Amino acid sequence: MKNPRHWADLRENKIPAHLPILEFVRMPGMLNEDGDAHRTLRNLVGKAFTPRRVAELQPRIDAIVQQLIADLAKVAPQESIDLRHRYAFALPMQVICHLFGLDPANGDALARDYAAIHDSGSTQAEVQAGKAGVGAVIAGLIAGKRQNPGADLTSALIRATDGEGATLNDELLMYTLMLFLFAGHETTQSLVANALKALADHPTELARVRAGEVTVDAVVEEVLRYNSPINTIMFRYAAADVAVPGTDVVVKAGEAVVICVAAAGRDETAFGPDAHTFDPSRKVLAQQHLAFGHGVHYCIGAPLARMMASTAVGAFVDAFDLDRTGAPESEPLSSYSTNSDRALWGRLKPAATGSATAA
């Protein structure tokens, strides 16, 4: 179950109240609901965040990526840059701001405050100010779209209703948009960074992509398995005693469970004895990975994340080689959920002969 009311230690006040993760554990909305409550909220969000809306974002994504590629082309050949910051950060942020219907000024403010929250160099005061800033931008967005709706996701969420008249109130709208931002940006940024690193570190696979032997889509799917942008997902709670198959472990009713999806991607029983290797052409379906979750809580933004990553990786491979020779190795991000390095340093060189394909 996902609702924290099932977590015995939380009910009994055994969990330190200052733990930052409790913000997400207690977040109202479809992330932490079960059964009919979750189904109602997900259906309302699904009425706004439709496959058609996602597909219509492709031209915008193409334009953003081409502008980012043009900016990278201006970097001096011997300059070492952090592609996680210079390339992977900007794409999902700009797409999300466009999706929400934010004007440029508020989009810039959202990006600045969001970056402060995730910057390891930020003080606690700066993190709190960033959170307040993000909340203020989204609250203002909701208020503005109630008065002047548009063709954006925010307006569609405001309009969404089901056959029984259920709608999203301002609190649920706030947390739904927060979920899109926090779950959609960091994961896509890490997915793009992890994919660029994998190809730079596996030149044979990069050459196969450029030769048309392997698609960029296959690369993205293999990265989701091999080096998932998600380390662990939010807690699940046992509503009754559960015996873990093949072990002597019994999860007691009321206990919290953490699932490490990054480790699941290296499971040899699912992906074969070479599960620890990067192979975009592997025969076992990479879609068996758990990078987007599973079941009723499967990530609603998965198609958009795949679209952004494939577009960004394909354009980069067409334009550049990433030379990581002598580049400083970055430490992994210190995060409950993120599986990526703090930075991806390297120098850019014009791409070798060949062109990537995303389909």
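Residues numbered from 1 in each chain as written. Predicted model: local features only at pLDDT ≥ 70, side-chain atom pairs only at ≥ 80, totals over all residues. Heavy atoms only, no water.

**Student:** Outline the overall build of the protein, supporting the account with residue identities and numerical values.
**Tutor:** When helices and strands are tallied, the protein shows 16 helices and 7 strands. With respect to the three principal axes, the spread of C-alpha positions in the protein is 60 × 60 × 45 Å. Within the protein, buried positions represent 49% of all 359 residues. In the protein, the 33 positive side-chain charges and the 41 negative ones have mean positions that sit 2 Å from each other. (Helix = DSSP H or I, 4+ residues; strand = E, 2+ residues; numbered from the N terminus. Buried < 20%, exposed > 50% of the residue type's maximum accessible area, 1.4 Å probe, protein only. Lys, Arg positive; Asp, Glu negative; His and termini not counted. Charge placed at Lys NZ, Arg CZ, Asp CG, Glu CD.)

**Student:** Help me get a handle on the environment of A90, residues and values and all.
**Tutor:** As for its placement among the helices and strands, A90 is situated in helix α7 (residues 90-100). Residues A90 and A17, spaced 73 residues apart in sequence, show a C-alpha to C-alpha distance of 34 Å.

**Student:** So, unusual backbone geometry: which residues are in play, and what are the values?
**Tutor:** Residue N13 is not a glycine yet carries a positive backbone phi of 55°. Residue classification places N13 among the exposed residues on the basis of a relative accessible area of 70%.

**Student:** An account of the packing of helix α11 (residues 170-201) against helix α13 (residues 216-226) is needed here, citing residue identities and associated values.
**Tutor:** Where α11 contacts α13, the axes come no closer than 10 Å and their chain directions differ by 105°. In this view, α11 runs roughly perpendicular relative to α13, as classed from their interaxial angle. For the pair α11 and α13, the contacting residues are L191, N194, A195, A198 and L199 in the first and V219, V220, V223 and L224 in the second. Broken down by class, the residue content of the contact of α11 with α13 amounts to 8 nonpolar, 1 polar and no charged. (Axes fitted to C-alpha atoms, helices over the stretch in contact; angles between N-to-C directions. Parallel < 35°, antiparallel > 145°, perpendicular 65-115°, else oblique. Contact = heavy atoms within 4.5 Å. Nonpolar A, V, L, I, M, F, W, Y, C, P; charged D, E, K, R; others polar.)

**Student:** Could you give an account of the environment of K252, with specific residues and numbers?
**Tutor:** Considering the arrangement of structural elements, one finds K252 in the loop between β4 (250-251) and β5 (256-257). Among the residues examined, K252 registers a relative accessible area of 44% and is labelled partly exposed. Along the backbone, K252 and A238 are 14 residues apart, and their C-alpha atoms lie at a distance of 6.6 Å. Ignoring sequence-local partners within four residues, the contact set of K252 consists of A238 and D241.

**Student:** Which residues make up the nonpolar core, and what are the values?
**Tutor:** By size, the foremost hydrophobic cluster in this structure holds 100 residues, and its most contacted members are L83, Y87 and F316. With 16 residues, α11 is the single largest residue contributor to this core. In this structure, Y87 is in contact with V65, L68, I69, L72, V192, L196, A312, A315 and F316, ignoring residues within four places of it in sequence. (Core = buried A, V, L, I, M, F, W, Y, C linked by side-chain atoms within 4.5 Å.)

**Student:** Lay out the sheet that holds strand β1 (residues 81-82) with the relevant residues and their values.
**Tutor:** Reading across the sheet, the 3 strands line up as β1-β7-β6 and stay open at both edges, with antiparallel pairing between neighbours. Looking along the sheet, the strands with just one partner apiece sit at the ends: β1 and β6 (320-323). In terms of strand pairing, β6 meets strand β7 (residues 345-350) through 4 bridges, oriented antiparallel. Bridging across to β7, F320 finds its partner in P350. This element, helix α16 (residues 302-319), spans β6 and β7 of the sheet and lies at about 90° to β6. (Pairing = 2+ DSSP bridges.)

**Student:** Please set out the pattern of salt bridges residue by residue, giving values where relevant.
**Tutor:** In this structure the tally under the stated criterion is 20 salt bridges. E205 is the salt-bridge partner of R208, the closest N and O atoms lying 2.9 Å from each other. One end of the pair is R208 and the other is E205, both in helix α12 (residues 203-210) and 3 residues apart, which spans about a single turn. For E205, a relative accessible area of 12% gives the class buried. Notably, a salt bridge pairs D279 with R208, separated by 3.9 Å at the nearest N-O pair. Of the two residues, D279 sits in the loop between α15 (268-271) and α16 while R208 sits in helix α12, which places them 71 residues apart along the sequence. (Salt bridge = Lys/Arg side-chain N within 4 Å of Asp/Glu carboxyl O.)

**Student:** Describe in detail the packing of aromatic side chains, supporting the description with residues and values.
**Tutor:** Within the structure shown, the criterion is met by 12 aromatic pairs. Aromatic ring contacts, followed pair by pair, group W7, F235, Y237 and Y336 into a single cluster. Looking at R225, its charged tip hangs above the ring of F271, at a distance of 5.3 Å from the centre. (Phe/Tyr/Trp six-rings, centres within 6.5 Å; stacked < 30°, edge-to-face > 60°. Lys NZ or Arg CZ within 6 Å of the ring centre and 35° of its normal.)

**Student:** So what's going on with the side chain of S228? Residues and values would help.
**Tutor:** Within the secondary structure layout, S228 lies in the loop between α13 and β2 (236-237). You can call S228 buried: its relative accessible area is 1%. Setting aside its immediate chain neighbours within four residues, S228 contacts N194, V223, V261, A262, A291 and N339.

**Student:** Outline the packing of α7 against α16, supporting the account with residue identities and numerical values.
**Tutor:** At a minimum axis distance of 11 Å, the contact between α7 and α16 shows a crossing angle of 135°. What the angle tells us is that α7 and α16 run oblique. By crossing handedness, the relation of α7 to α16 is classed as right-handed. Together, L91, P92, V95 and L99 of α7 and L304, M308 and A312 of α16 make up the contact between the two elements. Counted by class, the contact of α7 with α16 contains 7 nonpolar, no polar and no charged residues. (Left-handed = near helix turned anticlockwise from the far one by under 90°.)

**Student:** Would you mind going over the state of the cysteines in detail, with residue names and values included?
**Tutor:** All chains considered together, the criterion is met by 0 disulfides. C299 supplies the cysteine sulfur nearest to C97, a cysteine that is in no disulfide, at a spacing of 18 Å. Judged by its relative accessible area of 8%, C97 falls in the buried class. Unpaired in this structure, C299 has its nearest cysteine sulfur neighbour in C260, at a distance of 17 Å. (Disulfide = S-S within 2.5 Å.)

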